[in-house]
Amino acid sequence: MTDLPSHARVVVIGGGAVGCSVLYHLARRGWRDCVLLEMDELTSGSTWHAAGNCPNFSGSWGIMKLQRYSTRLYARLAEETGYPINYHVTGAVRLAQDRERMDEFRHVTAMARHQGIDFAMLTPAEIKQRYPFIELHDLEGGQWDPLDGDIDPAQLTQALARGARNAGTRIVRFCRVTGLAQRPDGSWRVSTSQGEIVAEIVVNAAGYRAAEIGAMVGRRIPCVAMSHQYLVTADIPELAARTEKLPLLRDPLDSYYLRQEGKGLLLGPYEWKATAHWPDGVPERFAFQLFPDDVERLERHIELACGRVPILGSVGIKKVINGPIPYTPDGNPLIGPAPGLRNMFEACVFSFGIVQAGGAGKTLADWVIDGEPEWDLWSLDPRRFTAHVTPTYTRTKAIELYQREYAIGFPFEERPAGRPAKTSSLHGELAVRGALFGARNGWERAVWFPRDAAEAKLQDALTLRRPPFTAAIARECRAVAGAIGLVELPGFSRFRVSGAGAAAALDRLIAGRLPSPGRVGLAYVLGARGGVLTEFTITRLAADSFWLLSASSGEWHDRDLLAQNVAGPGVRIDEETAAYTTLVVAGPGSRALLARVTNADLSSAAFPWLSWRPIAIGGETVAALRVNYVGELGWELHVTMAQAPAVLARLRAAGGELGLADVGIYAVDSLRLEKGYRSWKQDLTTEYSALAAGLDRFVRLDKPDFPGRAALLAEAARGGPADRLVPLLVDDVGADAPVTASVLDGGMPVGIVTSGGWGHRLGRSLALAYVRAELATPGRELAIDIYGTRTRATVTTEPLYDPANARLKA
């Protein structure tokens, strides 16, 4: 006799901590007709052998919020559900052996305090006070998280399961999913070892088996199982004599965590000899199993840890755990809609699933029920990975990531593994000219152009502060401002929307007005709460034909958005991302340059700002748009990959004596910041409304309806948004404001930086930040915490550079 019902509103596949958290949170939201299916017993995948550490620390604003939600939930869960949980909140010390790590800790400490977590910076002496068995050699200082600790993963999972069951949901164990098929009404027929069940919505929470479930629906999930080992020592007399547990200890440079386990210590290194398993798939019956011990590859880390905490080496090893931990290419899990599929969600491939399970369950439940989560977690969205993310790529990047598990996320670091994945037809020519590249959604883009090999080596000097090649970026910015800059931007997400119903469908979707034929305009799609889902540059090619361009990283996000909201009778959508590249020609000499290669009338009367024309360059007809992201007179030339080499050759031949210079995207980011141009998923997110983001001129509240309109009207009725995006002039302290730096007023957090950098045309440090609306007045002096230094930042008006747009419209 089977426990399997015939129907459920939601079926969750996978009974680890994350799957049970999803079920628990659905139940808390009142969705009780939900079923969890587990192929074995609960926790039988990675959960049962996980170390169970629960840090709040993260360099990501959103991930920190997610993890803090988890730790708050875990603190009350045992009492709420009546299931006992061993949860030890011991606090944690992180060690810094260099200035860059201290900068990272200062930044994360400010983030944590902004979120209500009382992180603190520590001197070496203060570290010794908190951790008396430590040796202090080579330490600059450290960081304290008072709410870090460890939890029993199995008990956590069972408590979540009990809470879900108590609310009326069902859990069916020893029920392996064997097939998935979508029905005409969008629901799913789920085939299992116990029969079939129809689900309106399916959630893939299958951990390191997530790819198996994905393959059933044609979805290639980026997942590789990495071997992670930790060892537990015999009892240590010094610990047996203590009445309080030691705090958790992490040494990022030497790449390990160390915590008290009973009367011994538990050491977990992330070693350079990272080991990936199962290239051909997970063994069918691998549950509650481990890999053979392989302690030899940990020897260097054990030596370093014993040197730091000598009592670790005073006793023998009692136990070694070597189990599979799933990794994506960037080490972050997949939480959100499955790309290209309806009514299918993913909450899987967690490398830190215990601490993230609580927040992941909340986020996924919000997404299923409300259509969008409370927090913008794009860095966890499954749609961030696109077609170039093959199993080989995933494996290569996962190994690179595991080797650098505690590495600092330097803003100008371009890691090499898995590259190049996608290149334009100009990549080779730019490489010959000395370009250094970075990957954006897999596409290789030139980041800057060193003059020689010696200057190129500056790229390797990683820092959180202003990079050593700043003078080279300034040189490229001067070329754009004083002559002509040439930028190649392959990989824009590009969609052609056409047909008799195209205009009406797009008009219903966007918050503003469509451009008229021959014109170009920015358009925004909003969520139900009025936040920005995406930004399109829309070129109206004809009355019934449109080109939509958006951020490179948003390719699958925007593909699905259009498929779900625009596709239908009388509308055709063609994706053209890989077919084109874009050549940006910008600067006061750009018109003179183009006049040498085309007979088109380039005057402002014939070719005004925010318009497009087909123009002939040599024997090629290309789409020229009089727009750009750098704030100068200029055009974007949209050319097919086949056309690009010939067009570029003509531009170079004509531009030499006019001062034509190659420019990379690092310079572009500086130039756009001076104009206040927003960056998607950095300055524009779903957490701030379009009005808060200063997009009022792109929103038409007099339109009869569009997604988010009701929320914006309600916000306006309340007197406007609580926060507003403002430009800030920042005092120069040798470092620019990092993303997510806290904005302060009288020492209290009142805002958050979304973009920061040096404006080379203005010669000033600049930032964009959301601040409380009452403080968003020009001339208001605030402060930004820049790596522990409170730095004066003055609210000003935008755009800072060329405020009348005279140069753009020249």
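As a starting point, this report considers the structure included with it. Starting afresh in each chain, residues are numbered from 1 along the sequence in its written order. Thresholds applied to this predicted model are a pLDDT of at least 70 for local features of residues and 80 or more for the giving and counting of side-chain atom pairs; totals over whole chains, interfaces and linings are not thresholded and use all residues. In computing side-chain values, all of the structure's heavy atoms are included and hydrogens and water are not.

Along the protein chain, the regular secondary structure elements total 19 helices and 38 strands. Principal-axis analysis of the C-alpha atoms gives the protein chain an extent of 85 × 65 × 55 Å. Of all 810 residues assigned to the protein chain, the portion counted as buried reaches 61%. Every residue pair with non-hydrogen atoms within 4.5 Å of one another is taken to be in contact. By sequence separation, contacts in the protein chain at least 24 residues apart represent 73% of the contacts at least 6 residues apart. The accessible surface values rely on the Shrake-Rupley method and a 1.4 Å probe; as for residues, cover is taken only from the protein chains in view. Surface exposure of the protein chain reaches about 29600 Å², of which carbon and sulfur atoms provide 51%. Residues counted as positive are Lys and Arg, residues counted as negative are Asp and Glu, and His and the chain ends are not counted. Throughout, a charge is located at the NZ atom of Lys, the CZ atom of Arg, the CG atom of Asp or the CD atom of Glu. On the protein chain, the mean spot of the 89 positive side-chain charges and the mean spot of the 90 negative ones are 4 Å from each other. Each helix is a run of DSSP H or I of at least 4 residues and each strand a run of E of at least 2, with the numbering of both proceeding from the N terminus. Burial here depends on accessible area, computed with a 1.4 Å probe over protein chains only, as a share of the maximum for the residue type. Under 20% is buried, over 50% is exposed, and the range in between is partly exposed.

Among the seven residues that make up strand β31 (residues 634-640), six are buried, leaving the element largely enclosed by the rest of the structure. Only when DSSP finds a minimum of two bridges between them are two strands counted as paired. Sheet topology note: the strand β28 (residues 580-586)/β31 ladder contains seven bridges and is antiparallel. Note on β31: the bridge partner recorded for T582 is H638. As paired elements, strand β30 (residues 620-625) and β31 share three bridges and run antiparallel to each other. Note on β31: the bridge partner recorded for L625 is E636.

This part covers the sheet that holds strand β37 (residues 781-786). What the six strands build is a closed barrel, ordered β33-β36-β35-β34-β37-β38; its pairing is antiparallel. Between one strand and the next, the sheet's axes are offset by a mean angle of 45°, whatever the strand orientation. By the bridge criterion, eight bridges tie strand β35 (residues 748-759) to strand β36 (residues 764-772) in an arrangement that is antiparallel. When the bridges of β36 are listed, V753 appears paired with A769. Between the N-to-C directions of two axes lies an angle of 0 to 180 degrees, each axis being a line fitted to C-alpha atoms and, for a helix, fitted only over the stretch in contact. On top of the sheet, helix α18 (residues 665-675) reaches β35 and β36; it is set at about 125° to β35, its chief contact.

Backbone torsion omega between R419 and P420 reads -5°, so that peptide bond is classified as cis. Topologically, P420 is positioned in the loop between α10 (391-403) and α11 (427-432). The omega torsion of the bond from E798 to P799 falls at -5°, within 30 degrees of zero and hence cis. Of note in the backbone geometry, T43 takes a positive phi value of approximately 75° without being a glycine. Even without being a glycine, K681 presents a positive backbone phi close to 65°. You can see K681 is positioned in the loop between α18 and α19 (709-717).

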